[in-house]
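# Results of the structural survey
Single-letter residue listing:
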Amino acid sequence: MTDKTIRTQFSSQSKCEVCDCQVNYSDFLLYEKRGYLVCSSYDCKAVMSQKNKLSPALFAFHLDRNKKIIHERRAKDAAAIKYREDIELKESLENQKILQSILSENPHLVAKNIHTLTIPSGLSRSIPITEERLEIYSKHLKSIISKAACFADAAKVTDEIFEQNYENHDRVLKVEQLFANQPLLKSMSNQLCALCKGGCCPVGGDHAYLSVVTMRCYLDTHPDLSEQDVLDLYLSKISTKSIAGACINQTREGCVLPREMRSDVCNGFYCAPLKSYHKEYLIKGEKTEVLAIQRSHTHWNRFDPDEENEVVNVVLLGDKKLS
Ligand code: SF4
Ligand code: SF4
Ligand SMILES: [Zn+2]
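Residues numbered from 1 in each chain as written. Chains lettered and ligands numbered in written order. Predicted model: local features only at pLDDT ≥ 70, side-chain atom pairs only at ≥ 80, totals over all residues. Heavy atoms only, no water.

Now for the overall build of the chain. Helix and strand counts for the chain stand at twelve helices and nine strands. Once the C-alpha set of the chain is aligned to its principal axes, its extents read approximately 70 × 60 × 40 Å. Counting the 323 residues in the chain, one finds 37% classified as buried. Within the chain, residue pairs in contact and separated by at least 24 positions form 69% of the contacts whose partners lie at least 6 positions apart. A total accessible area of about 18,900 Å² is found for the chain, and carbon and sulfur atoms account for 55% of it. (Helix = DSSP H or I, 4+ residues; strand = E, 2+ residues; numbered from the N terminus. Buried < 20%, exposed > 50% of the residue type's maximum accessible area, 1.4 Å probe, protein only. Contact = heavy atoms within 4.5 Å. Areas by Shrake-Rupley, 256 points an atom, 1.4 Å probe, with all protein chains shown as cover.)

Encoded structure:
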């Protein structure tokens, strides 16, 4: 077949035999070699790879069954994406309305560059820390401290538990460097995180993202401390109460660990709205005002069908004239 003939035959009718989606031209070219048309999806290719191995009757059964599974899965994924997009659109329209109402009540703000962002809310119910949680946390600390002691320094550590290694430290250093050059950005970011009160901390559980790398970094900067000293120090920071359903170190007053005792994950993390604010700030400079619209969800459950995501707070940072 000439290339021209092949192109002529390639049409909108060239569908994957499993999922019915349009195959791309490079998959179409493999039709003769394979003896069937299949798209680039791993699942579809796995189904069709059985065509020459199974009897025709068995393959027909296999194809029919997997077609249904793949169609159902894709419909579910598409529904989940639509659900997320609907929430994003609804919230974005609500945010625009809030901004418009603030501008109409405060005309001096119209000429300003206002960056509107949605921040989540940390969980807030404080409960006593159980012996069981403490036990799990202590075990975790003992394990990572003793592993950390086997490495000469942090640069040599790879920690499979959180897939952390010393390279993650670069992310923290970059944030620190950025903030050193942009003190206003640092102050605004701190204010936003203080408003949010740890919306990203609920997943910290009883490990607090502390890893072998964190411990080795700490031992590197405190060479006089023994393994037991480090364990005692971390345990001494624990409060009697912490936030229900969140990291063991999260309290109503914030994280009990000083920054140098936290993991690189905690120190380097900024949620998407804050990251986009950082980006805009670097492009537009410090004239950027920040309108923070705080919603009730945490960083992790914004798209949870049981979550209302209602607006709980609206704050314009940096504007002194706003009453
Ligand atoms: S990074 Fe985002 S989610 Fe985490 S505390 Fe700050 S504002 Fe909240
Ligand atoms: S250690 Fe602190 S910053 Fe990290 S997840 Fe726990 S409370 Fe949040
Ligand atoms: Zn397919």
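In this structure the tally under the stated criterion is 14 salt bridges. We note a salt bridge from E17 to K51, for which the minimum N-O separation is 4.0 Å. Taken together, the residues E17 in the loop between α1 (3-9) and α2 (25-29) and K51 in the loop between α4 (42-48) and α5 (56-105) connect sequence positions 34 residues apart. A salt bridge links E289 to K112, with the shortest nitrogen-to-oxygen separation between them at 3.3 Å. Of the two residues, E289 sits in strand β8 (residues 289-295) while K112 sits in the loop between α5 and β1 (114-119), which places them 177 residues apart along the sequence. Judged by its relative accessible area of 10%, E289 falls in the buried class. In the salt-bridge network here, residues are joined through shared partners; they are K90, E91, E94, R295 and R302. (Salt bridge = Lys/Arg side-chain N within 4 Å of Asp/Glu carboxyl O.)

A few words on unusual backbone geometry. Among all residues save glycine, negative phi is the norm, and among peptide bonds the norm is trans. For A208, which is not a glycine, the phi torsion comes out positive at approximately 55°. One can find A208 in the loop between α8 (183-196) and α9 (212-221). Residue classification places A208 among the buried positions, given a relative accessible area of 4%. Positive phi is not limited to glycine here, since Y209 has a value of about 60°. With respect to the helices and strands, the residue Y209 is situated in the loop between α8 and α9. In this structure Y209 comes out as buried when scored by relative accessible area, which is 17%.

Glancing now at the packing of aromatic side chains. Think of a pair of aromatic rings as described by two things: how far the centres are apart, and how the planes are tilted against each other in angle. Counted according to the given criterion, the structure contains four aromatic pairs. Ring geometry for Y25 versus F28: centroids 6.4 Å apart, planes at 20°, classification stacked. A residue pair is termed a helical-turn pair when its members lie 3 or 4 positions apart in one helix, as Y25 and F28 do in helix α2 at three residues. Exposure remark for Y25: the relative accessible area of 18% places this residue in the buried category. Geometrically, the ring pair formed by Y218 and Y234 is edge-to-face, given 6.0 Å between the ring centres and 75° between the ring planes. Of this pair, Y218 sits in helix α9 while Y234 sits in helix α10 (residues 227-237), and the two are 16 residues apart along the sequence. Its relative accessible area of 4% is what places Y218 among the buried residues. (Phe/Tyr/Trp six-rings, centres within 6.5 Å; stacked < 30°, edge-to-face > 60°.)

As a rule of thumb, soluble globular proteins bury nonpolar side chains together. With 24 residues, the main nonpolar core has Y137, L141, L210, M215, V230 and Y234 as its most contacted residues. Elements represented by at least two residues in this core include exactly α6 (131-148), α9 and α10. When residues of this core are assigned to their parent elements, the largest contribution, six residues, is made by α9. Discounting residues that sit within four places of it in the chain, V230 has contacts with I145, M215, Y218, L219 and L225. (Core = buried A, V, L, I, M, F, W, Y, C linked by side-chain atoms within 4.5 Å.)

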